[in-house]
Every structure is written in structure tokens, then in C-alpha cells.
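Architecture and fold: a report
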Amino acid sequence: MTKNTSLYFRIVEGRNLPAKGSSWCNPGKCLEQGCPCPVSRTATVWKTLNPFWGEEYTLHLPMGFHSLSFHVMDEDTIGHDDVIGKITLAKDVIGSQAKGLDSWVNLTRVDPDEEVQGEIHLCLELLKGAEKTSVRCKVIEARDLAPRDISGTSDPFARFIFNNHSAETSIIKKTRFPHWDETLELDLRPGGMGPSSVEVWDWDMVGKNDLPGKENQVEIPFDCLHKTPHLESCFRLQPMRSNEVDTSGNLGALRLKVRLIEDHILPSVYYQPLIHLLVESVVAPAEVEDSSALTMLEEVTTVESRQDVAMTLVKIYLGQRLVVPFLDYLNTREVQHTTDPNTLFRSNSLASKAMEQFMKARLRHVGMPYLHEVLKPIINRIFDERKYIELDPCKITLNRSRRISFKGAVSEEEVRDSSVEMLQDYLSSITEAIVGSVSQCPPVMRVTFKQLHKRVEERFTEPENEDVKYLAISGFFFLRFFAPAILTPKLFQLREQHADTRTSRTLLLLAKALQSVGNLGLQLGQGKEQWMEPLHPIIRLSVASVKEFLDRLIDIDHDIVSELPQRAVFLPSVTVKEGYLHKFKTEGPQLLSRFAFKKRYFWLTSETLTYAKSPDWQVRSSIPIQCVCAVERVDENAFQQQNVMQLVTQNNVGEVHIVYIQCKNVNELNQWLSAIRKVSIYNERMLPSFHPGTHRSGKWSCCLQADRNVTGCSRTHSVTLGDWSDPLDPDVETQTIYKQLFQGRDKLRKKYLERAESNQTTNTQEKIHPADGAKGAVRLSAAARLLAVMEDLERAHAAFQRTE
């Protein structure tokens, strides 16, 4: 049994942030995972004190996860970014919320002396003699200490305190990874029973009375030493108590959604019966009104969890190469159970959520690449032109529209006329790009829409419902796929940054117009926004071309899907990630750091990391993924450069080689770290520790040790960013479905088993139609089998946990 820890969080928005240096604030965001290294960073929202981000992240975390920190930064184009404030959430706080944390949280002041920084390796021993009792503390080493000097390092020493007396280690200059290996001993004097503690300080020699800058401390209760006379462990350094006034609420707040999921994952063989029932639901579907494992899952799925369940199911059926029949099964039930065509797919049903997740899946043959190919050129044009566009009379600001005319002041009518002209131009370009993209649309999406079209056409045969078969497709295609991407391009990776206020308004108006196109113009003039009326003619003109496009879209052979790879796996022929990076030049004479990194184009697959001077360059070098034993960040002090990572490899004879690579920003760094860790996750020779510095001038810059082959001074990390392109993990995904079923098992047992047992006596004395009896038996059989599988999984979990 293995343990899987995942952290899902959404950084929604901020409010009342303080201005920094001027009346505006440019807040960016960093995320930390109980360590000083940022795991991710949102895009910057410029010139606002109430920013909206709406960015979502998933982290796969190691067992040692303790806390999560959010730092709000004021991005500065010149000099260093200013820190506005922070929020720190302990693991226990996040985990105590069954449905996750969803609230506004106040920012607090950031003080470097109060931050949790690094850990220290100690060995404590209680020595009891005839005449005295003493405590011996061996201070072995520390790692990941905070940089205190302008050089990015520290001059640390440790102080052992016990019984109101103290002893200190030697000072080790210019390192954040000191290795002392010194033993300190203090006597227990009469009446002394207090705790012992170890503090780490940064030595400083500025002025006569200047005290050393304090770092952090570890406190060990005396009772612990009585229970365990010999205690050796790595301790996290905790912040020292501060007397500063609490600034909570004065620095603004963030709205966060955070959810922690920790699961014990059983071996694959235990999940096969549940997988079999899920597969059986779509391979050999029963009548629409009959129950299956899939329909019973929907019955016990809450509104809050439905999106996660839908995403998990899409992954499971992709892995089983059954995503098309899976979607057809759900869509058929949705259509058959809908009486009013105007409400079709309008609810948050499992079918609606599964279709959304399927279309957003960032797989090689689904969704996101197609979206980028169609929309990116026009989105880039809108961002580049940055025109002032407004139709709402209540929001037109004439002083913002001076670029429209050089003849002086302009009227509201001129602003509207100009806005209508530009919006028509943009909307025409978007519509033309979409209706001309039949050949670009992934075949698996086209087949899915073809089946949906057929089910709706068979269900709603009345002449007045002629358009329902088109609306069912366009509702997903335009309203839930293209329109949201136009509204927030950053969230769909169409742009690296959020739109400014002017561009954001243009995108909002275009998204509204495209939604009307997707509705085939049926609701034009019915809403409150009558000022959109100037766009109605062009929307109505697009209806015929949209219908023709949808007819061509579903004109595809169903069997073509069986020939396409649907599973999200890292195949050797598939490039997982690619792009320009800077590689450190280790050959030849040593250069200054800024000249030693040469620009190269990199390709990452499951087998190799390959690089060349350009994408078209024929001469390429490759690093086998099977030789990778660590991929980690590099201290900024090592090269005086930011966003550098190291790829540590080991050949068949045990020789270690390190490749240093620089990324353009922290997000790109984290994406490459995550991608390489994922493709090398099953390598057998992964290192437990590494050197975050470099070996130069005969010693490591991090821990100052001379031996090039000495064991690393910092632990390696396994944090990865969750993404749709991740390899499928059927065990983890099936465990998620089991947990959802387990929470609703009482409801299923009461509905299908207890009711059947209570009615059994009555039914035996009544004459029942054979067909009704058969259907009841099918429902009972499906429920009984599912509940039996759940009981087996529950027993397996209990058995494995007892052996841990």
C-alpha cells in the first residue's frame, strides 16, 4: 500500500491590498510548500488593489508536507519585487475541512526572522551518573537555512541551551548548509528541569553592540529525553516568538479555495473488480431506466464533488480506451430523462461535467491543442491592439477614447459606432476561424458530437425542435469551450499574463456575443443588455454557417476513433515538453556565469532529454531519462543567476554528471522540474540528497565540503504539478471513485437492498409481471455486486493499515 497526497487549490482574488510606492499595486503570487522554494506563481495583475486571478493548481506532495504559504508580491519592473504579505496554512488546518477551505483569509506581515527556514540534524543523549546528570547534544548539520547576507548565504552557528546555560558551535562562513559534527554537553543542576533547545544564529560583525541575527530554534521537552534517552532526528527549525503587533487585516485579504486529499492506495489487483463493473456499465449497457455501477455512482455524487468525479471517470475510461462509449452512455441517459428540450444539459449533471472535462482534457488528441490553434492568433491580435471598446452607455468614458479620433472630443455615439465596427471585425474573425476548423478538430471529439447529435435527434422529433440537435452540440462547443477561453485566455494558456482592464472588457463583450452565436441567435433581444443590439445582425447572419459547420463536424466515420491513441501516457514518440532553455557550458575555459549559459532548444520524451542549437538543427545531444537520479533547483548564489535547475545523472559505472539549465522564469522552471520528475519517477537509482550549489575552487559552494563525490547536503524533492497531460494512474483514480461510493453506501444499501428485502414477502403473494420481476432482479443484482466489491475494498484497506 502506498500513500498519495494531493493538494488542490484555487487562488481566486484579492481585496484592499495596500499600495506600494504609488497609488497602484501590481500583485503577483508565489506558492511555497513548507520550504523557501516557490512551487508556482500566478500571472501579475497590473494596476489594481483588488486583483482577480482565478488560477487553479494541483500539487502532488511528499509525505513530509507540513504547511502551505501564499506570498503576495508587488512586481517591480526595476529592482526587487516588494513583499505585501503572506498567508500560511498548516496541513492540519487544511485537512480538518472535509470539503476543503473556501473563504477570505487576511494577509499578515512577512518577517524573515519569523519564517520557518530549513532543518537541523541533532543527536541528543541524557547521561545519568552517580554525581550528576547531563545532556549531550551532537550538532551534526543544518540545511536550507535562510540567506542573511547580501551574497545570498549566511555565517551560521548553533547554540545549545539547557538549564539556563548555553554552549555554541563554531561559526561556518558563507553557507546555508553548514556541517558542524560537534558535540556540546551541559550539566543538569539542582532544580533545573526545563526544556532544552537549539537555536541557529547568523553571525554578524557590524558595530560593537550589534547582536547576531537570529534564525530559528528547536525545543525538546525534558520529558522526551527521559522517555527516549538517545534521540536522533532531523528537526524543522521553528520561528522564534515575536513581540510585533499583529497586522492581520491591514494588508488586505485573499479569497482561497484549498482542499487536501490523502489516500492509501492498494495494489492494482484489488481495484480490478470495481474497474470491471465500470467497464461493464458502458460495454454492455442495460436499459436506460435500469441501474448500473455508473448510475449508482451518480446517485451518491454530491454537487460539490461532481466535477472531480467526472474528471476522474474521464481519465479512467481514457485509460480503458472507452471514453467515447462512456460519454455516449451518460449522454443517452441525460437525453432520455429530459422532457423539456430547453433544459437539456443545462444542469450540473454528471453527463454535463464529463463532457466539459473531456473537452478540456489537455491530451495530445483532445481539446487544448485544437483550442490554441483556432483562437491564439485572434487573441494575440486583441491583446496587441488594445483598443478601447464599449457598448454599455453607463460605462462609456470619453476620455479613454481619445485615440479614436484626432479631431478633438468624441461623442458617445462615435464611441459606440467605433466599438461596433471593431467588435464585428473581431467576432467575424473568431467565427470564421471556428467554422473553418473542421479538419483541425480532434476526431474523438467529432465522433462524440456525432453520437450526441443522433441521440437528441431521435428523442426530439417534433418540427419545432429542429434546432435542438444543433444546440446540444453548440452548447458545449461554443458556450463551454470557446467562450470561456476568450473570456479568460490566461486560464487556458492562450496568454502568459491576464488581460488589462481595457482588453478584459473587449474579451467579455466578445464572449457574450459568441455565446449568442452558440445559441443560434434564439435569445437575442430577450435579456437586460439591450445595448448589445447593434451586434445582433452579424450574429443572426452567422447562424446558417454555424449549422453548416456542425453538420460537417459530425460527418465522420465512427470507426476512426479506434485507431487513435486516447490514453494519456508518455510514449517514446510523444514529446512531453519542449522549448528554449539555457544550458551551462562546462566544456572549455571557465566563463563568467552570465556568458556561460548558451541558448539551446530542448525536447523531453519518456526516454530522452535532447537539445540542439535550434529546432531545425541536425546535430543533437541526448541525455537518457533512465540515467536521471535527481532534478533539483540550484541556489541563486551558485551562479548569481535565478531559475537554474540541475539534472543529475549516473552512468552504468556509477559516474555522476550534472547538467545545469536555466529557465526564463519561476513558472517555466517548475514546469520543467515537474515534467522531468514525472518521466523519471520509476527510475531505480534516484538519489535521496543533492548539492544545491556548485563545486568550484575545490569545494561545494553550498556546504563548503571539498570532496566532489560527498553525499548531498539537502534532501531531494518529489513535488510535481498536476496536469491533464500527466500519465494516468488507474489505482489512484479508482480509489477516488471508491471513496465517493463509500460515502454513499448507506444510501445505496437502503434503496436497493433493504427495500427489496422488506418487499420480498409482499411480492411473493402478488402476481408480478415477468418483465417487471426481471428488471427488479437486474437492479438488485447490480447493487449487490457493487456493494460486495466495496466491502472487499474496505476489508483490504483495513488489513493493510493494520500491518503498517
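Since the structure is predicted, the reported quantities are computational estimates derived from the model, not experimental observations.

1. Here we look at the pairing of strand β20 (residues 577-584)
Two strands pair when backbone bridges link them, and β20 and strand β21 (residues 597-604) are joined in this way by eight bridges, in the antiparallel orientation. Bridging across to β21, E578 finds its partner in W603. Bridge count between β20 and strand β26 (residues 656-662): two bridges; the pairing is antiparallel. In the sheet register, K583 faces β26, and the bridge partner there is I661.

2. Some words on the pattern of salt bridges
Pairing is possible between side chains of opposite charge, provided their charged atoms come close. A complete count under the given rule lists 37 salt bridges for this structure. Here R416 and E412 are joined by a salt bridge, their closest N and O atoms 3.6 Å apart. Linking R416 with E412, this pair stays in helix α9 (residues 412-435), spanning four residues, or about one helical turn. Since its relative accessible area comes to 28%, R416 is described here as partly exposed. Judged by its relative accessible area of 35%, E412 falls in the partly exposed class. Between K664 and E496 there is a salt bridge whose closest N-O contact spans 3.1 Å. One end of the pair, K664, is in the loop between β26 and α16 (666-679); the other, E496, is in the loop between α11 (468-487) and α12 (501-518), with 168 residues separating them in the sequence. For E496, a relative accessible area of 55% corresponds to the exposed category. Salt bridges sharing partners connect three or more residues here, namely E119, E141, R143 and R715.

3. As for a negative patch on the surface
A surface patch of negative charge is lined by E413, E414, D417 and E421. By the element assignment, D417 lies in helix α9. Of the residues examined, D417 reaches a relative accessible area of 48% and is grouped as partly exposed.

4. Focus on the packing of aromatic side chains
Given two aromatic rings, one states the distance between the centres and the angle between the planes to describe the pair. Under the definition given, this model contains 23 aromatic pairs. Measuring from ring centre to ring centre gives 6.1 Å for F584 and Y660, while their planes differ by 90°; the resulting arrangement is edge-to-face. Taken together, the residues F584 in strand β20 and Y660 in strand β26 connect sequence positions 76 residues apart. Just as F584 is buried, Y660 falls in that class too. Through a chain of ring-to-ring contacts, three or more aromatic side chains come together here, namely Y370, F449, F477, F478, F481, F482 and F549. Taking NZ or CZ as reference, R159 lies 4.5 Å from the ring centre of W201, over its face. Sitting above the plane of the Y8 ring, R259 keeps its charged end 5.0 Å from the centroid.

Scoring rules and cut-offs
- Residues numbered from 1 in each chain as written.
- Predicted model: local features only at pLDDT ≥ 70, side-chain atom pairs only at ≥ 80, totals over all residues.
- Heavy atoms only, no water.
- Pairing = 2+ DSSP bridges.
- Helix = DSSP H or I, 4+ residues; strand = E, 2+ residues; numbered from the N terminus.
- Salt bridge = Lys/Arg side-chain N within 4 Å of Asp/Glu carboxyl O.
- Buried < 20%, exposed > 50% of the residue type's maximum accessible area, 1.4 Å probe, protein only.
- Patch = residues over 30% accessible without salt bridge, like charges linked within 9 Å, V, L, I, M, F, W, Y side chains within 5 Å.
- Areas by Shrake-Rupley, 256 points an atom, 1.4 Å probe, with all protein chains shown as cover.
- Lys, Arg positive; Asp, Glu negative; His and termini not counted.
- Charge placed at Lys NZ, Arg CZ, Asp CG, Glu CD.
- Phe/Tyr/Trp six-rings, centres within 6.5 Å; stacked < 30°, edge-to-face > 60°.
- Lys NZ or Arg CZ within 6 Å of the ring centre and 35° of its normal.

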